[in-house]
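Listed below, chain by chain, are the residues.
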Amino acid sequence: MIDDDTFDELRRPTITRPLLGLTILVVEDSLYACDAVRLMCLHSGARLRRADCLKSARRHLRVYRPSVVIVDMGLPDGNGAELIEELRCTSSAPGVILACSGDPFAEDLAYAAGADGFLAKPLTHLEAFQHAILKNMPADVRPSGPRPVDLDAVHPDPVTYREDMAYIAEILGGPVDARAIGYVTSFLRGVAIAAEDDALERAASELDKAHSQGGPTLGPMSRLAGLVQSRVQDTMAM
């Protein structure tokens, strides 16, 4: 039988698993991005929970108290800054609140909302992920001594990328207003960059440019929808 002291010792962070004992809530709509975080948590010793939108995150936080919350700034039902502000104003705020985005302009907004740190997408490098969390943790809960530097990138399951495409294909299959165009292009650009899908990233950027400049969007929208659908078909073939 393991006594309480031994159990606590087993859950203390170590040099190789510096996030052991932490529970991380990632508020992220992309399954591909979330799988990258899952892999980094797995290598770091942390437990992971996921919410895919603001509504789901708020429901989760009424029940659980994660040690760390990582909030994507572009979510289907609003901006992640809203949730960061809410968390910062509560008496039971998580120990660390981080924002993440592929848009560099989102960083200032995240800090203004009260974030402790900012993770630039794509989320691929384990050392940067661990550092962003550990530097905001109290010194007495961080592992002592130098940590080995892991510069290898994590590689999410390609199935999650195709599931992201199916999600966007469903949105594009319905009425697409200005807000939907903004959300879809931001989502696809971030995921495409992470997956090194240059053709999709260019198509999303072209639609975003046409939309922001008030130009015709039918052509760029059709091209983007065709690329997304081709990647959904890849899912069917697996």
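It should be noted that the structure appears before, not after, this text.
Residues numbered from 1 in each chain as written. Predicted model: local features only at pLDDT ≥ 70, side-chain atom pairs only at ≥ 80, totals over all residues. Heavy atoms only, no water.

Draft legend 1. Expanded view of the packing of helix H2 (residues 31-44) against helix H6 (residues 126-134). Orientation of H2 relative to H6, taken along the N-to-C sense of each, is 75 degrees, at an axis distance of 10 Å. Considering the angle they form, H2 stands roughly perpendicular to H6. Facing Val37, Met40, Cys41, His43 and Ser44 of H2, the residues of H6 in contact are Leu126, Phe129 and Gln130. Class assignment of the residues belonging to the contact of H2 with H6 gives a composition of five nonpolar, three polar and no charged. (Axes fitted to C-alpha atoms, helices over the stretch in contact; angles between N-to-C directions. Helix = DSSP H or I, 4+ residues; strand = E, 2+ residues; numbered from the N terminus. Parallel < 35°, antiparallel > 145°, perpendicular 65-115°, else oblique. Contact = heavy atoms within 4.5 Å. Nonpolar A, V, L, I, M, F, W, Y, C, P; charged D, E, K, R; others polar.)

Draft legend 2. Structural detail: the state of the cysteines. Scanning the model with the defined rule gives zero disulfides in all. With no disulfide of its own, Cys34 lies 8.6 Å from the sulfur of Cys41, the closest cysteine sulfur. (Disulfide = S-S within 2.5 Å.)

Draft legend 3. Spatial organisation of the nonpolar core. Core analysis: the largest hydrophobic core is formed by 25 residues, its most contacted members being Leu19, Ile24, Ile70, Leu119, Phe129 and Ile133. Of all the elements in the fold, those that place two or more residues in this core are strand E1 (23-27), H2, strand E3 (68-72), strand E6 (96-101) and H6. For this core, the leading source of residues is H2, giving six residues. Apart from residues lying up to four places away in sequence, Leu19 is in contact with Ile24, Ser44, Gly45, Ala46, Phe129, Ile133 and Leu134. Ranked by size, the runner-up nonpolar core spans 21 residues in total, among them Met165, Ile181, Phe187 and Leu224. (Core = buried A, V, L, I, M, F, W, Y, C linked by side-chain atoms within 4.5 Å. Buried < 20%, exposed > 50% of the residue type's maximum accessible area, 1.4 Å probe, protein only.)

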